[in-house]
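Here is what each chain is made of, one letter per residue.
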Amino acid sequence: AQLHMFVSLPGPGSCLALRSLLPTHTTSLNLPDHCCVGLTTGSLALYDLTDLSLLSVLPNLSQQPFSQIRYSPHGKYVAAGSHDCLIYLLDARNITIYKPLRILRGHA
């Protein structure tokens, strides 16, 4: 069965990663299902998938649009790649705001 969702984005979206797709046995974080949306504005938006509410926005993280977002297998981290050839590594354990940890340079 496919799930179709429609949400109002705080800007044009370019990519999406769903936290709810992680196998339950790989994480003990007990976080609610949520998703991270990469915006063409260089920001990231976090949504609660139970009611599609906007949890938070990380504004202007990048100067370029995001093109890829992936959660780590255990769900603790998010890697977001943008058109500026940088990968932004974020701590995803607090769903109200992801904490930027590191910027990885030199990735195309």
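Conventions we followed
Residues numbered from 1 in each chain as written. Predicted model: local features only at pLDDT ≥ 70, side-chain atom pairs only at ≥ 80, totals over all residues. Heavy atoms only, no water. Buried < 20%, exposed > 50% of the residue type's maximum accessible area, 1.4 Å probe, protein only. Helix = DSSP H or I, 4+ residues; strand = E, 2+ residues; numbered from the N terminus. Pairing = 2+ DSSP bridges. Phe/Tyr/Trp six-rings, centres within 6.5 Å; stacked < 30°, edge-to-face > 60°. pLDDT = per-residue confidence, 0-100. Contact = heavy atoms within 4.5 Å.

## What to know about the pairing of strand E2 (residues 34-39)
Most of E2 sits out of view: six of its six residues are buried. Neither face of E2 is exposed, since His 34, Cys 36 and Gly 38 on one face and Cys 35, Val 37 and Leu 39 on the opposite face are all buried. Examined bridge by bridge, E2 and strand E3 (residues 44-48) share five bridges and lie antiparallel to one another. Of the residues in E3, the one forming a bridge with Cys 35 is Tyr 47. Counting the residues that bridge the hairpin from E2 to E3 gives four residues, and of these Gly 42 lies at a positive phi of roughly 90 degrees.

## Some points on the packing of aromatic side chains
This model, assessed by the stated rule, comprises two aromatic pairs. Aromatic pair Phe 66 and Tyr 88: ring centres 5.7 Å apart, planes at 70 degrees, arrangement edge-to-face. Here Tyr 88 lies in strand E7 (residues 87-91) and Phe 66 lies in strand E5 (residues 66-71), a separation of 22 residues in the sequence. The buried category is assigned to Phe 66, whose relative accessible area is 0%. With 6.5 Å between their ring centres and 85 degrees between their planes, Tyr 71 and Tyr 98 make a pair best called edge-to-face.

## Notes on the confidence of the model for the chain
Looking at the chain, pLDDT values average 75 and 69% of them are 70 or higher. Per-element confidence in the chain is highest for E7, whose mean pLDDT is 93, and lowest for strand E1 (residues 13-18), whose mean pLDDT is 62. Between residues 1-7, whose pLDDT stays under 50, and residues either more than four places distant or in other chains, the model counts six contacts. Confidence drops under pLDDT 50 across residues 21-28; counting only partners more than four residues distant or on other chains, this segment forms nine contacts.

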